[in-house]
Every structure is written in C-alpha cells, then in structure tokens.
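Summary of structural features
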Amino acid sequence: MVQKTVLRVNDISCHKCKTKLLKAVSGLQGVDKVEVDGAKGTMSVTGDADPYEIIVRTRRKTGKFAEVVSIGPPPKPDDNKKPEEKEKPGDQKAHIHIPFTCPICERIPFIPIMTRWEEPTPQCHIL
C-alpha cells in the first residue's frame, strides 16, 4: 500500500546534509519519492517503505534524529492547476546567501604551524 510518511529531522539546513539524507533514504526498497524541506526541517517519503526502516536508516547513515509527524495516503495530483505566473524582468527579489555546508559538516581541525623562530622556547645550541 502506497503511503506518505512525513518526518521531522533535526538540522538539515545545509546542502551536504540534505544530500546525505536523500541518498540514505532513497536506497530503501519501496521508496518512490523523497522530498526534503530544509526551511521546515521535514522530509516526506512516498512509497511502500516501512516508516520504522526510514527512521532507522536516517539515524544510521546521517546521524540525524528523526520523528514521525504523520503517516497517511499520498495526495492526489490536481490536473486543474493554473499555470504559474512568470516574474517580470523588473521585479527582483532579495537573494539570501545560504552556505552549502553547516559547521557540523565542515569540522576542520585547526593546527597551528610554527617555525623554529616562533617556538615558545627555542633551543639555542651555539653559545
């Protein structure tokens, strides 16, 4: 039976986190469609996959905590949708810069590099 499972996932604000989440869940058997909304922090999975397996795979592969928001039948497609209006060239919206990676994904250790002259206690052997 095809169902839509909506999960709330912690901290999926960066592109790298979304990609890891999509790869982890799309590998499950019975998954037809996966949608990730970083602004709301939700993930929608449509298909025959077991919700428990989706949560377990999310936790194991990405390390993110997920909880079920809703489980139900998928929405029926509407054929009577109006075509979307295109933006006029004069109308420009403000662009907000969203980094591609979050601080958790990009943990780069800082290792100070010191030369011999910058060492705190240089050893002088010529006296």
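Report on the accompanying structure.

1. Details of the overall build of the protein chain
Scanning the protein chain from terminus to terminus reveals 2 helices and 4 strands. When the elements of the protein chain are put in sequence order from the N terminus, they spell out β-α-β-β-α-β. A total of 127 residues make up the protein chain; the buried ones form 24% of that total. Approximately 10900 Å² of the protein chain is accessible, and the part contributed by carbon and sulfur atoms is 55%.

2. Some thoughts on the pairing of strand 1 (residues 3–9)
Taking burial as the measure, the 7 residues of strand 1 include 5 buried ones, the bulk of the element. Two elements, strand 1 and strand 4 (residues 66–72), share 6 bridges in a ladder whose sense is antiparallel. Following the sheet pairing, Arg 8 is matched in strand 4 by Glu 67.

3. Here we look at the environment of Lys 20
Inspection of the secondary structure assignment puts Lys 20 in helix 1 (residues 15–26). Between the C-alpha atoms of Lys 20 and Lys 61, which are 41 residues apart in sequence, the distance is 7.7 Å.

4. Some points on the pairing of strand 2 (residues 31–37)
Across 6 bridges, the pairing between strand 2 and strand 3 (residues 42–47) is antiparallel. When the sheet's bridge partners are listed, Glu 35 is paired in strand 3 with Ser 44. Remark: 4 residues form the turn of the hairpin made by strand 2 and strand 3, two consecutive strands paired antiparallel; Gly 41 in that turn has positive phi of roughly 75 degrees.

Criteria and thresholds
Residues numbered from 1 in each chain as written. Predicted model: local features only at pLDDT ≥ 70, side-chain atom pairs only at ≥ 80, totals over all residues. Heavy atoms only, no water. Helix = DSSP H or I, 4+ residues; strand = E, 2+ residues; numbered from the N terminus. Buried < 20%, exposed > 50% of the residue type's maximum accessible area, 1.4 Å probe, protein only. Areas by Shrake-Rupley, 256 points an atom, 1.4 Å probe, with all protein chains shown as cover. Pairing = 2+ DSSP bridges.

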